[in-house]
Amino acid sequence: ALLGVTNRLQAQFKLSQDHVIARKRSEGIKLLPDDLLADIFQIAVWEKDCDGATQAVLFSAVSRRFRDVALGKRGLWTTLNSLSSRNQLETLISRAGPSERFHVFIHHDFYSKRRGLNSFIDTCRPALPRWKTLTLTQDYHDFFEPDRVNVEDALRELHSLFTKYELVLPALEELNVYGETSDNYVGGGSDIQAWGANLRIIRCNHFFPSSSVPLSSVSTLIVTQEICSNGSPLKEL
């Protein structure tokens, strides 16, 4: 009998406790100060990497308060993606304000000229001096594509655009060049420091900058390279 009474009391207590927890969860976000809420937004945006801008837009659409907090946090709008439209990029640059540093993601593929890499650089030109990190990814569509290129070709195309228009990235601290395992190793010949003189970190997947390229400012070099028994790039590395 005592056990039955105890079980009923526990059930009633749990039901009451669940109501309290649910209320706290629904109202808890309202109790957070705006600066702490903005920091939570920032962490969530950083976790999304190249989709950070999409996350920021989602936050700003939840409620009037969320929108005010999101628009007031300049760092939420600093992710620039080459797949975004011109209007989206211009909105992000405007919302980021005049002093924030940008994290840029460029997705290069066989159709990059049609998709407007040149247009992307032109749209981002006002923000070029404030690019802090640049991630270049080579997208692949078909392994047997006759015009197949690798990530080094993508870097060369980007380099040619910068040199053609005499563009430099004085605030660029980190460069990430990501290829894939099917890329053949060839030492990258582009003079990266011609436009990124203050680079500190270079991360390379299936790519390695040529030893003939001066990288005097770089203090951290991280390389991921598959070493195969057939056609191994170990000797070249």
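Just above, that's the structure.
Residues numbered from 1 in each chain as written. Predicted model: local features only at pLDDT ≥ 70, side-chain atom pairs only at ≥ 80, totals over all residues. Heavy atoms only, no water.

Novice: Break down unusual backbone geometry for me, with residues and values.
Specialist: For D49, which is not glycine, the phi dihedral falls at a positive 50 degrees. Note that D49 resides in the loop between α2 (34-47) and α3 (52-60). (Helix = DSSP H or I, 4+ residues; strand = E, 2+ residues; numbered from the N terminus.)

Novice: Could you give an account of the sheet that holds strand β8 (residues 220-224), naming the residues involved and the relevant values?
Specialist: If you trace the six strands from one edge of the open sheet to the other, you get β1-β2-β3-β4-β6-β8, paired in parallel fashion. Both outer strands of the open sheet, β1 (79-81) and β8, are each paired with one neighbouring strand and no more. In this sheet, adjacent strand axes meet at a mean angle of 10 degrees when their direction is disregarded. As defined by bridge partners, strand β2 (residues 102-108) adjoins strand β3 (residues 131-138) across seven bridges and the pair is classed as parallel. Across the sheet, the residue bridging to H107 is T137, located in β3. Along the sheet, helix α5 (residues 86-96) contacts β1 and β2; its crossing angle with β1, the most-contacted strand, is approximately 165 degrees. (Pairing = 2+ DSSP bridges. Axes fitted to C-alpha atoms, helices over the stretch in contact; angles between N-to-C directions. Contact = heavy atoms within 4.5 Å.)

Novice: Just give me the short version of the environment of L71, but keep the residues and values in it.
Specialist: Structurally, L71 is set in helix α4 (residues 64-72). The sequence separation of L71 and A38 amounts to 33 residues, and the corresponding C-alpha distance is 9.6 Å. Setting aside chain neighbours within four positions, we find L71 in contact with W77 and R95.

Novice: Go over the packing of α2 against α4, please, and point to the residues and values.
Specialist: Contact geometry of α2 with α4 gives a least axis separation of 9 Å together with a crossing angle of 75 degrees. One finds that α2 runs roughly perpendicular with respect to α4. Here α2 contributes D34, L37, A38 and F41 to the contact with α4, which in turn contributes R65, F66, V69 and A70. Considered class by class, the residues forming the contact of α2 with α4 number six nonpolar, no polar and two charged. (Parallel < 35°, antiparallel > 145°, perpendicular 65-115°, else oblique. Nonpolar A, V, L, I, M, F, W, Y, C, P; charged D, E, K, R; others polar.)

Novice: Run through the pattern of salt bridges, naming residues and quoting values.
Specialist: Under the counting rule described, the total for this entry stands at seven salt bridges. The salt bridge partner of K14 is D18, with a shortest N-O separation of 3.2 Å. With K14 and D18 both in helix α1 (residues 2-31) and four residues apart, this pair spans about one turn of that helix. Accessibility expressed as a relative area gives 36% for D18, which makes it partly exposed. Taking the shortest distance from any N to any O, the salt bridge between D39 and K73 comes out at 3.2 Å. Taken as a pair, D39 in helix α2 and K73 in the loop between α4 and β1 lie far apart in primary sequence, 34 residues in all. (Salt bridge = Lys/Arg side-chain N within 4 Å of Asp/Glu carboxyl O. Buried < 20%, exposed > 50% of the residue type's maximum accessible area, 1.4 Å probe, protein only.)

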